[in-house]
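Now for the letters of each chain:
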Amino acid sequence: MEKDKHLGLRIDSETHKKLKSLSEFEGRSINGEVLYLIRQAITQHEAKHGTLK
């Protein structure tokens, strides 16, 4: 089984504050919210441009 990948992310304080508020509102952890947003972006891209490899 393939292990999960680690992604280090540097963000400014204001973006972190807003991301924390958003994740709390949505009932997710910050990590969960980031994954959700990335998956949403991939889904939107694939709907417009086709499946990514």
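Basis of the calculations
- Residues numbered from 1 in each chain as written.
- Predicted model: local features only at pLDDT ≥ 70, side-chain atom pairs only at ≥ 80, totals over all residues.
- Heavy atoms only, no water.
- Helix = DSSP H or I, 4+ residues; strand = E, 2+ residues; numbered from the N terminus.
- Rg over C-alpha atoms; globule rule 2.2 N^0.38 Å.
- Areas by Shrake-Rupley, 256 points an atom, 1.4 Å probe, with all protein chains shown as cover.
- Lys, Arg positive; Asp, Glu negative; His and termini not counted.
- Charge placed at Lys NZ, Arg CZ, Asp CG, Glu CD.
- 1 Å grid on protein atoms, 1.4 Å probe; cavity = no way out; pocket = protein on both sides within 12 Å on 5 of 7 lines; lining within 4 Å.
- Points joined across faces, edges and corners; volume = space filled by probe spheres on them.
- Nonpolar A, V, L, I, M, F, W, Y, C, P; charged D, E, K, R; others polar.
- Expected span 1.5 Å × (residues − 1).
- Polar contact = N/O pair within 3.5 Å; in protein donor to acceptor, adjacent residues only side chain to side chain.
- Salt bridge = Lys/Arg side-chain N within 4 Å of Asp/Glu carboxyl O.
- Buried < 20%, exposed > 50% of the residue type's maximum accessible area, 1.4 Å probe, protein only.
- Axes fitted to C-alpha atoms, helices over the stretch in contact; angles between N-to-C directions.
- Parallel < 35°, antiparallel > 145°, perpendicular 65-115°, else oblique.
- Contact = heavy atoms within 4.5 Å.

Glancing now at the overall build of the protein chain. A count of helical and extended segments in the protein chain gives two helices and zero strands. A globule of 53 residues ought to have a C-alpha radius of gyration of about 10 Å, yet the protein chain, at 13 Å, is considerably larger. Considering only C-alpha atoms, the protein chain reaches an extent of 35 × 30 × 20 Å along its principal axes. Split by element, the accessible area of the protein chain, about 5,200 Å² in all, is 54% carbon and sulfur. Within the protein chain, the 8 negative side-chain charges are centred at a point lying 4 Å from the centre of the 10 positive side-chain charges.

Its boundaries defined by the atoms lining it, the largest pocket holds a volume of some 390 Å³. Lining the largest pocket are K3, D4, K5, H6, L7, L9, N31, V34, L35 and I38. Of the residues contributing to the lining of the largest pocket, the split by class is five nonpolar, two polar and three charged.

For helix α1 (residues 13-26), spanning 14 residues, the distance from its first C-alpha to its last is 20 Å, which sits close to the expected 20 Å at 1.5 Å a residue. The distance from a side-chain oxygen at the start of α1 to the backbone nitrogen of E14 is 3.2 Å, and the residue carrying that oxygen is D12. G27 occupies a position one or two residues after α1 and carries a positive phi of about 75 degrees.

Under the defined criterion, the tally for this structure stands at five salt bridges. With a closest N to O distance of 3.9 Å, E14 and K18 form a salt bridge. One end of the pair is E14 and the other is K18, both in helix α1 and four residues apart, which spans about a single turn. Given a relative accessible area of 40%, E14 falls into the partly exposed group. The structure contains a network of salt bridges with shared partners spanning E26, R28 and E33.

With that out of the way, let us pick up the packing of α1 against helix α2 (residues 30-49). Helix packing geometry: the angle between the two helix axes and the distance between the axes. The geometry of α1 relative to α2 is characterised by a closest axis approach of 9 Å and an angle of 90 degrees between their N-to-C directions. Classified by the interaxial angle, the pair formed by α1 and α2 is roughly perpendicular. Here α1 contributes H16, L19, K20, L22, S23 and E26 to the contact with α2, which in turn contributes I30, E33, V34 and L37. For the contact of α1 with α2, the residue count by class is five nonpolar, two polar and three charged.

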